[in-house]
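Listed below are the residues making up each chain.
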Amino acid sequence: MATFQPLPGFRDFYPEDFTRRRHIFRVWRQTANAFGFQEYDAPVLEQLELYTTKSGEEIEGQLFSFTDKGGREVALRPEMTPTVCRMVGARAGALKRPIKWFSVAEFYRYERAQKGRLRAFSQFNGDIFGEAGPEAEIELIALLIQCLAGFGLTKDDFYVRLSDRDLWFFYLEALGFNDEQSRTILSAVDRYEKMGDEAFKSYAEVHGAIDAALKERVLGFLKIKSLAELEAALAPFNSGKLTARLADWRKVLSGVAAMGLADFITVDLGVVRGLAYYTGFVFEAFDRKGDLRALAGGGRYNNLVKKLGGPDLPAVGFAIGDVTTGLLLEQRGLMPTFVSAPDLYAVIGGESERKAAFADIQALRAAGYRVEYPFKELAFGKQFKAAAESGAKLALIYGSEELAKSIVKIRDMSDRTEREVPRDQVLAAVRDALAGG
RNA sequence: GCGGUCAUAGCUCAGUUGGUUAGAGCACAAGAUUGUGAAUCUUGGGGUCGCGGGUUCGAGUCCCGUUGGCCGCCCCA
């Protein structure tokens, strides 16, 4: 029994695990590339203050943070948003707008692990900077959907819930709540799905019992599930802010619909997300069955770049996690089984034949072919068995009989046919044989 | 941070009311088989039964602690 294990919440990636992770990353990268996003990366370790500035001092309890040997307070990154804001902020003046960036990176959070949540996990992060209008949301929501649909997931497997923190604040303001009251109500809205009426308890404690009629209007609002309902709910108000937000909602929903993605998105004002820093649309992706944690989440954060020391730059972004995505793909049978097979397997007679084989093996590998051969001298029968098990398309036979004739025998492993080619034409013959198959 | 539950080979698991040297299948390796393939047979390596303590003549089995996994709560950037 091994004495040493990975730390809690951390994973080893044995080759078969690694191929699954690589598949996820590959789909994400291909999708982001198709959407015209540029990939970046950044240090795993950042100043602790980058995170406390964004999220408050309390966040430190959930970070892998420590003092380095130079006395700096540092933390392993728990998310990408502060980092990308720092990077974009530093060069905002020189970057062509809109700034469309993505990353695939590992993050670390000091939290108790549970289903779909580990202490080390990977995320796809996609962000758009420099676009204040809902065009950025359309682009990102489409990217999010395709980042999941790219695995073969359909509208029956997952969906995106769209909400809006600004709309909530404007609505609550129109109902007569002040800013502080609105914040308390929003945190209740955030929990309402889980807790029901209990969620409003803390509001009563701080601001006194909520007016029953107003509470009904809040509950009615959070249950809104369509644009039509939203329009109806806002009709009685004569507020320029609400009218403008409604126009943005129409733009986002019609844009997504025009891309043929309407079935993937639902209006759901019950989604607020805990974050104080979101400033407009927020969205989350969930599996339809609802037995997994959120697949992805994001929204608009127009104040953050400035808050972290950069220019005033509007921004929208989201992240997809690898853990929940992987669980969903396994659940739906969409995680392919990966076979890793060489192109060629060299069957080698003895030590003297090995020298000749090595020369060709190296030349073939330099040409890009994946070639394997047995390390130790083995009976031919064993070598053919090994060649078959490896999945190689061709076997190259370097026996004494072949080398005496200055030829190599090439055996097609699928139809068991063999042909002889002169030693100096092996590369061309291999190229020819593999091109056809 | 809190609660529940589990822990025997790389994997899936068996192991009787506590009883001698802890087993199987799969996987891995060798041989039967030194010029041609997924079969079969034989054999082998691999375990301080998560770790530590206690009870007992005797603990994989019972008790306590601890570490880790899983599930849930809090939180969820």
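Worth saying up front: this structure is predicted, and the values here are computed from it rather than measured. (Residues numbered from 1 in each chain as written. Chains lettered and ligands numbered in written order. Predicted model: local features only at pLDDT ≥ 70, side-chain atom pairs only at ≥ 80, totals over all residues. Heavy atoms only, no water.)

### Section: the pattern of salt bridges
Tallied over the full model, the rule gives 32 salt bridges. Note that Glu 46 is salt-bridged to Arg 86, the shortest N-O span being 2.8 Å. Here Glu 46 is found in strand E2 (residues 45–47), whereas its partner Arg 86 is found in helix H3 (residues 81–91), with 40 residues between them in sequence. Owing to a relative accessible area of 8%, Glu 46 belongs among the buried residues under this scheme. On the accessibility criterion, Arg 86 (33% relative accessible area) is partly exposed. Where salt bridges share partners, they join Glu 402, Lys 409, Arg 411 and Glu 418 into one cluster. (Salt bridge = Lys/Arg side-chain N within 4 Å of Asp/Glu carboxyl O. Helix = DSSP H or I, 4+ residues; strand = E, 2+ residues; numbered from the N terminus. Buried < 20%, exposed > 50% of the residue type's maximum accessible area, 1.4 Å probe, protein only.)

### Brief notes about the domain arrangement of chain A
What the domain assignment reports for chain A is domain 1 (15–331) and domain 2 (344–434). For domain 1 and domain 2, the distance between their C-alpha centres works out to 55 Å. (Domains from an automatic or database assignment.)

### Brief notes about the packing of helix H4 (residues 135–149) against helix H10 (residues 240–258)
Axis separation between H4 and H10 bottoms out at 9 Å; the angle between their running directions is 40 degrees. Here H4 lies oblique to H10, going by the angle between them. In this structure, H4 crosses over H10, and the sense of that crossing is right-handed. Between H4 and H10, the residues in contact are Glu 135, Glu 137, Ile 138 and Ile 141 and Lys 251, Val 252, Gly 255 and Val 256, respectively. Residue composition of the contact of H4 with H10, grouped by class: four nonpolar, one polar and three charged. (Axes fitted to C-alpha atoms, helices over the stretch in contact; angles between N-to-C directions. Parallel < 35°, antiparallel > 145°, perpendicular 65-115°, else oblique. Left-handed = near helix turned anticlockwise from the far one by under 90°. Contact = heavy atoms within 4.5 Å. Nonpolar A, V, L, I, M, F, W, Y, C, P; charged D, E, K, R; others polar.)

### Regarding the nonpolar core
One finds Phe 124 and Trp 168 to be the most contacted residues of the largest nonpolar core, which totals 74 residues. Per-element tally for this core: the top contributor is H4, with ten residues. What Phe 124 contacts, discounting residues up to four positions off in sequence, is Trp 28, Ala 32, Phe 102, Ser 103, Val 104, Leu 143, Cys 147, Phe 318, Ala 319 and Ile 320. Val 84, Val 88, Ala 105 and Leu 118 belong to the second largest nonpolar core, which has 23 residues in total. (Core = buried A, V, L, I, M, F, W, Y, C linked by side-chain atoms within 4.5 Å.)

### A short note on the packing of helix H5 (residues 165–175) against H10
The geometry of H5 relative to H10 is characterised by a closest axis approach of 10 Å and an angle of 150 degrees between their N-to-C directions. Viewed along their axes, H5 and H10 adopt a mutual orientation that is roughly antiparallel. Where H5 crosses over H10, the two elements pack in a sense that is left-handed. Taking contact as the criterion, the partners of Asp 166, Leu 167, Phe 170, Tyr 171, Glu 173 and Ala 174 in H5 are, on H10, Lys 241, Leu 242, Arg 245 and Trp 249. Partitioned by chemical class, the residues of the contact of H5 with H10 number six nonpolar, no polar and four charged.

### Let's talk about the pairing of strand E5 (residues 99–108)
Most of E5 sits inside the fold, with nine of its ten residues counted as buried. The sheet contact formed by strand E1 (residues 38–39) and E5 spans two bridges and is parallel. The residue bridging Gln 38 from the neighbouring strand is Trp 101, located in E5. (Pairing = 2+ DSSP bridges.)

### Remarks on the environment of Gln 114
Summarising the element assignment, Gln 114 is placed in the loop between E5 and strand E6 (120–129). Placed 105 residues apart in sequence, Gln 114 and Gly 9 show a C-alpha to C-alpha distance of 8.4 Å.

### With respect to the sheet that holds strand E13 (residues 371–372)
Reading across from one edge, E13-E12-E14-E15-E16 is the order of the five strands in this open sheet, with mixed pairing throughout. Looking along the sheet, the strands with just one partner apiece sit at the ends: E13 and strand E16 (418–422). Two elements, strand E12 (residues 344–348) and strand E14 (residues 394–398), share five bridges in a ladder whose sense is parallel. Note on E14: the bridge partner recorded for Val 347 is Ile 397. Relative to E12, helix H14 (residues 380–390) is tilted by about 175 degrees, and along the sheet it contacts E12, E14 and strand E15 (407–412).

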